[in-house]
Amino acid sequence: MARMAGRRVLFAVPVLGVVTFGVFAVAAASPFDPVKAYAGTAGLTASKENLDQLRANLGVDQPLVARWWDWLASALRGDLGDSSVMRQPVADVIAERMGWSVLLAATAFLVAILLGTGLGVLAARRPGGWLDRCVSSAAYTLEAAPAFWLGLLAIWFFALKLDVLPAGGLTDAGSDVVTFGQVASHLVLPAAVLGVSQLPWFFLYVRQGVADALAEDPVRGARARGLSERTVLLGHALRSGMLPMLTLIGSRVPELITGALLVETVFSWPGIAAATVEAATSVDFSLLAALTVLATAAVLLGNLLSDLLYGLADPRVAFDG
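Thresholds, definitions, all that
Along every chain, residues carry numbers that run from 1 in the direction the sequence is written. The model is predicted, so local features are restricted to residues of pLDDT at least 70 and side-chain atom pairs to those at 80 or more, both for listing and for counting; the totals for chains, interfaces and linings are taken over all residues. To get the side-chain values, take all heavy atoms of the structure and skip hydrogens and water. Cavities and pockets are defined on a 1 Å grid built over the protein atoms alone: a cavity is a set of grid points where a 1.4 Å probe fits but cannot escape, while a pocket is an open set with protein on both sides within 12 Å along at least five of seven lines, and lining residues are those with an atom within 4 Å of any such point. Grid points are joined across faces, edges and corners, and a volume is the space filled by probe spheres set on the points. Only DSSP runs of H or I with at least four residues qualify as helices, and only runs of E with at least two residues qualify as strands; both kinds are numbered from the N terminus onward. Any residue that is not Ala, Val, Leu, Ile, Met, Phe, Trp, Tyr, Cys, Pro, Asp, Glu, Lys or Arg is counted as polar, Gly included; the first ten are nonpolar and the last four charged. Two distance rules govern patches: like charges are joined within 9 Å, and nonpolar side chains (Val, Leu, Ile, Met, Phe, Trp, Tyr) within 5 Å, applied only to residues with over 30% relative accessible area and no salt bridge. Only the protein chains shown count as covering a residue, and every accessible area follows the Shrake-Rupley method with a 1.4 Å probe. Should a side-chain nitrogen of Lys or Arg be within 4 Å of a carboxyl oxygen of Asp or Glu, the pair is scored as a salt bridge. Counting rule applied: Lys, Arg positive; Asp, Glu negative; His and chain ends not counted. Charged groups are reduced to one reference atom each: NZ for lysine, CZ for arginine, CG for aspartic acid, CD for glutamic acid. Burial classification: accessible surface area is computed with a 1.4 Å probe over protein chains only, and a residue below 20% of its type maximum counts as buried, one above 50% as exposed, and the rest as partly exposed. Side-chain atoms alone can form a polar contact between residues adjacent in sequence; in general such a contact is a pair of N or O atoms within 3.5 Å, and within protein one must be able to donate a hydrogen while the other accepts it. In this description, contact between two residues means that some pair of their heavy atoms is separated by no more than 4.5 Å. Residue count minus one, scaled by 1.5 Å, sets the expected span of a helix. Each axis is a line fitted through C-alpha atoms, taken for helices only over the stretch in contact, and angles between the N-to-C directions span 0 to 180 degrees. Here is the rule for handedness: rotate from the far helix to the near one, and if that takes an anticlockwise turn smaller than a right angle the crossing is left-handed, while a clockwise turn gives right-handed. Here, nonpolar core refers to any group of buried Ala, Val, Leu, Ile, Met, Phe, Trp, Tyr and Cys residues whose side-chain atoms link them within 4.5 Å.

### A short note on the layout of surface pockets
And then number 1: A volume near 580 Å³ is recorded for the largest pocket.
And then number 2: Lining the largest pocket are 24 residues, and of these Met98, Val102, Ala105, Ile257 and Ala298 sit closest to its centre.
And then number 3: Those elements giving two or more residues to the lining of the largest pocket turn out to be α5 (90-125), α11 (253-266) and α13 (285-313).
And then number 4: When the residues that make up the lining of the largest pocket are grouped by side-chain class, the tally is 19 nonpolar, four polar and one charged.

### Topic: a negative patch on the surface
And then number 1: Together, Asp79, Asp82, Asp92 and Glu96 make up a region of like negative charge exposed at the surface.
And then number 2: Following the sequence through the fold, Asp92 ends up in helix α5.

### Structural notes on the side chain of His186
And then number 1: Position of His186 among the secondary structure elements: in helix α8 (residues 180-214).
And then number 2: The class for His186 is buried, based on a relative accessible area of 4%.
And then number 3: Polar side-chain contacts of His186 include one of 3.4 Å to the side chain of Ser185.
And then number 4: Sequence-distant contacts of His186, defined by excluding residues within four places in its chain, comprise Pro166, Gly168, Gly169, Leu170, Thr171, Asp172 and Trp269.

### Here we look at the environment of Ala279
And then number 1: Here Ala279 lies in helix α12 (residues 273-281).
And then number 2: Separated by 195 residues in sequence, Ala279 and Ser84 have C-alpha atoms that sit 8.6 Å apart.

### Side note on the pattern of salt bridges
And then number 1: The full count for this structure, using the stated rule, is one salt bridge.
And then number 2: For the salt bridge of Asp132 with Arg207, the shortest nitrogen-to-oxygen distance reads 2.6 Å. Taken together, the residues Asp132 in helix α6 (residues 130-143) and Arg207 in helix α8 connect sequence positions 75 residues apart. For the pair Asp132 and Arg207, a shared accessibility class is recorded, and that class is buried.

### Observations concerning α11
And then number 1: Between the first and last C-alpha of α11 there are 20 Å, a value that for 14 residues agrees with the 20 Å anticipated at 1.5 Å per step.
And then number 2: Within two residues after α11, Ser268 carries a phi angle of roughly 50 degrees, on the positive side.

### Observations concerning the packing of α5 against α8
And then number 1: Between α5 and α8, the least distance of the axes is 4 Å, while the angle of their chain directions is 35 degrees. α8 is crossed by α5, and the crossing has right-handed handedness.
And then number 2: Class assignment of the residues belonging to the contact of α5 with α8 gives a composition of 26 nonpolar, six polar and two charged.

### Concerning the environment of Ala167
And then number 1: Within the element layout of this structure, Ala167 appears in the loop between α7 (147-161) and α8.
And then number 2: By relative accessible area, Ala167 is classed as partly exposed at 36%.
And then number 3: On a C-alpha basis, the gap between Ala167 and Ala154 in space is 8.6 Å, while along the polypeptide they are 13 residues apart.
And then number 4: Those residues within four positions of Ala167 in sequence are excluded, and the remaining contacts are Ile155, Ala159 and Phe267.

### Concerning a nonpolar patch on the surface
And then number 1: On the surface, Phe148, Trp149, Leu152, Leu153, Trp156, Phe157, Phe158, Leu160, Leu162, Val164 and Leu262 cluster together into a nonpolar patch covering about 1,100 Å² of accessible area.
And then number 2: Examining the composition of the nonpolar patch, we find that eight residues originate from one element, α7, more than from any other.
And then number 3: Position of Leu162 among the secondary structure elements: in the loop between α7 and α8.
And then number 4: Residue class for Leu162 comes out partly exposed when judged on its relative accessible area of 42%.

### A look at the nonpolar core
And then number 1: Judged by nonpolar contacts, the single largest core of 42 residues is most densely connected at Leu104, Leu194, Phe202, Val210, Ala237 and Val263.
And then number 2: The element contributing the most residues to this core is α8, with eleven residues.
And then number 3: Setting aside chain neighbours within four positions, we find Ala237 in contact with Val210, Ala213, Leu214, Val219 and Val232.
And then number 4: In this structure, Val23, Ala275, Ala289 and Ala290 belong to the second largest nonpolar core, which totals 20 residues.

Any functional reading would require information beyond the geometric quantities listed.
This is how it looks when you write it as structure tokens:
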């Protein structure tokens, strides 16, 4: 296990380097001018000399490779630079927002896994039954539904129509104190929407895996020995049927990150979504590169987690093979 994790870490180093260079290259080719974005309305009347001086202060007058190398060297020393659009160090921007994004994504992922697994097992027990047909139809429909559309629909129904949950934000309007109760109530809708948007894949994988496992000879033998249906399902079929789902965890991380950005925007959740959008539209090289590195690292960690879980669940898999 340690050798495999070490190889993955070594592989991640050049990947992250290439990704950060790609971010700088795409940002440099962007039609957005970081100097005008930084200056705001004052840039409309500023002289060319002032704009050139501001361009030099921001470091955007340097060649692409020089800008990327300077940022990379500083990042390796622990200095992520300053955000030109947020007007504060990049590390502070990430520290202020990352915790809320992690809370939302982790809660939604837990909802998707638990509900997807539970519904998948129930549907696999009676393939073609009314529960299987209803949930499968809903899962295929949700696969095609964008997360932002689900978010707007949830706001309309639960916040506006029923008025049982807040429509967005982190705390109640006018409150200057962050309490557990307010955060929990404001988390329900965005976490549920993000979780439901990820649920179909977990449900379909578990349903198919458990249904195939129930038709295998070891499970039939367990039934022939007189074991209870619960023991057969939980002790034999579920463990075998869950193996394909474990590999799904890592592959869903990119979709989870994308969905989280959309859901955060719809529900005004104070995560990294707003910072990502502003960094992209304002060509904030330092902030954009740091956020991209975090997203890439999350994807790589998700893939590693999938392999580790699969190896732990199936002893036949060799970590160091």
